[in-house]
Amino acid sequence: MTRTRSAAALRRTLDAFRLRGETIAFVPTMGALHAGHRALIERAAGPGRRVVVSIFVNPLQFGPREDFGAYPRTPAADLALCRAAGADVVFLPDPGTMYPGGFATTVHVELGTSVLCAPHRPGHFDGVTTVVAKLLNIVRPDRLLLGQKDAQQAVLVGRMIGDLGLPVVLDVAPTVREADGLALSSRNRYLTPEERTAAPALYRALQGARRLVRDGERSAARVRTAVRRGIAAESRFRLQYAEVVDARTLEPCRRLSGRVLVAAAAFLGRARLIDNVVVTVPAASEPARRPSQKGVVA
Ligand code: AMP
């Protein structure tokens, strides 16, 4: 495994891989790596494929009152995890490499701007799409791996790739969780032991929503209310939002149909936790279970 801070050196290394006919899979991260990142790196690897991981705490995606300064930075452990997970190259750019003086460009995706995290984190997704566009341009990967944990980010980056015709395939990997259901996150380190015990209530509330839909509930408002109640049951949580939107367009839903994203964000102490589930709602005309021709229930 090699590591570099230089975009030019990275390009030279990747050009050499391409000359040998190898493809490039790319995992962008902000470091403080955990088993969720590790799963992305392992998923990225494959025969004839080189895996590039970037580690960059992107100032553009933090609001002025957010945790940019406090965001955990664990470079030695990160490099060890990358090596163990099978990364070939780790790119650790300096802020000056990513945003040289006079940097004046923003990539804005006009989608889902009034739902989920977007209204609560003004400018956040512009920061994300801008840094991902720049990283894609430096790395020029064949495959980009993102986590479903950050569902809105994955949808926006997917739309940016489609709209701009960027030559990369997006692969969104499932959320990796602790045994008790808490989604792994670099920010989980902010939780006190008591808060950590309370934290799985967020995913439990989302699982409750999934069960409701499976049992036939089709009102988005009732599903949302159930998630809010589930989170409120753990009094230490301060809910930011619980919403139900179309998983592809991020349009708010009234009646549930197709692939639906149920997502929530809540503060627990100083940690802001987000999580989501995607539920596929069977079409109304489709019978739940239909006997096959042989009379066997499919
Ligand atoms: P971050 O370092 O938080 O910017 O995350 C880097 C990538 O890892 C993003 O694509 C995240 O969605 C993904 N990721 C973070 N946590 C998880 C998790 N628990 N499971 C799967 N992917 C994750």
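Residues numbered from 1 in each chain as written. Predicted model: local features only at pLDDT ≥ 70, side-chain atom pairs only at ≥ 80, totals over all residues. Heavy atoms only, no water.

1. Side note on the site of the ligand
Taken together, 17 residues surround the ligand, and among them H37, G147, D150, V176 and L184 come closest. Interatomic distance of 2.9 Å between a backbone N/O atom of M30 and an oxygen atom of the ligand. Taking 480 Å² as the accessible area of the ligand by itself, protein coverage stands at 93%. In this structure the site holding the ligand corresponds to the largest cavity. Looking at the shell around the ligand, the elements with two or more residues in it are β2 (23-29), α2 (35-44) and β5 (143-147). With three residues, α2 is the single largest residue contributor to the shell around the ligand. Residues of the shell around the ligand, tallied by class, amount to eight nonpolar, seven polar and two charged. (Near = heavy atom within 4 Å. Polar contact = N/O pair within 3.5 Å; in protein donor to acceptor, adjacent residues only side chain to side chain. Areas by Shrake-Rupley, 256 points an atom, 1.4 Å probe, with all protein chains shown as cover. 1 Å grid on protein atoms, 1.4 Å probe; cavity = no way out; pocket = protein on both sides within 12 Å on 5 of 7 lines; lining within 4 Å. Sits in = over half its atoms within 2 Å of the grid points. Helix = DSSP H or I, 4+ residues; strand = E, 2+ residues; numbered from the N terminus. Nonpolar A, V, L, I, M, F, W, Y, C, P; charged D, E, K, R; others polar.)

2. Side note on empty space enclosed by the protein
Within the structure shown, the criterion is met by two cavities of 30 Å³ or more. For the largest cavity, the lining is made up of 45 residues, of which M30, H37, K149, D150 and Q153 are closest to its centre. Top element by residues in the lining of the largest cavity is helix α5 (residues 124-139). It accounts for six residues. As a volume, the second largest cavity reaches approximately 50 Å³. If you go around the second largest cavity, the residues you meet are K149, L182, A183, S185, N188, A199, P200, L202, Y203, L273, I274 and D275. Looking at the lining of the second largest cavity, the element that brings in the most residues is strand β9 (residues 271-281), giving three residues. Here the lining of the second largest cavity is composed, by residue class, of eight nonpolar, two polar and two charged. (Points joined across faces, edges and corners; volume = space filled by probe spheres on them.)

3. A closer look at the confidence of the model for the protein chain
Any residue range with low pLDDT should be treated as having predicted coordinates unsuitable for detailed reading. Overall, the prediction assigns the protein chain a mean pLDDT of 95, with 95% of residues at 70 or greater. Counting contacts from residues 290-298, a segment whose pLDDT is below 50, to residues more than four positions away or on other chains yields five contacts. (pLDDT = per-residue confidence, 0-100. Contact = heavy atoms within 4.5 Å.)

4. Description of the sheet that holds β5
Spatial strand order, β1-β4-β3-β2-β5-β6: six strands in an open sheet with parallel pairing. Looking at strand neighbours, the two that pair on one side only are β1 (2-4) and β6 (169-173), the edges of this open sheet. Averaged over neighbouring strand pairs, the angle between their axes works out to 25 degrees when direction is ignored. Looking at chain direction, β2 and strand β3 (residues 49-55) are connected through seven bridges and run parallel. Across the sheet, residue T29 finds its bridge partner in β3, namely I55. Along the sheet face, helix α6 (residues 151-164) touches β5 and β6 and points at about 160 degrees away from the line of β5. (Pairing = 2+ DSSP bridges. Axes fitted to C-alpha atoms, helices over the stretch in contact; angles between N-to-C directions.)

5. Focus on the environment of Y203
Position of Y203 relative to the elements: it lies in helix α8 (residues 201-214). C-alpha of Y203 to C-alpha of D275: the two residues are 72 residues apart in sequence and 6.7 Å apart in space. Excluding residues within four positions of it along the chain, Y203 makes contact with R177, G181, R210, D275 and V277.

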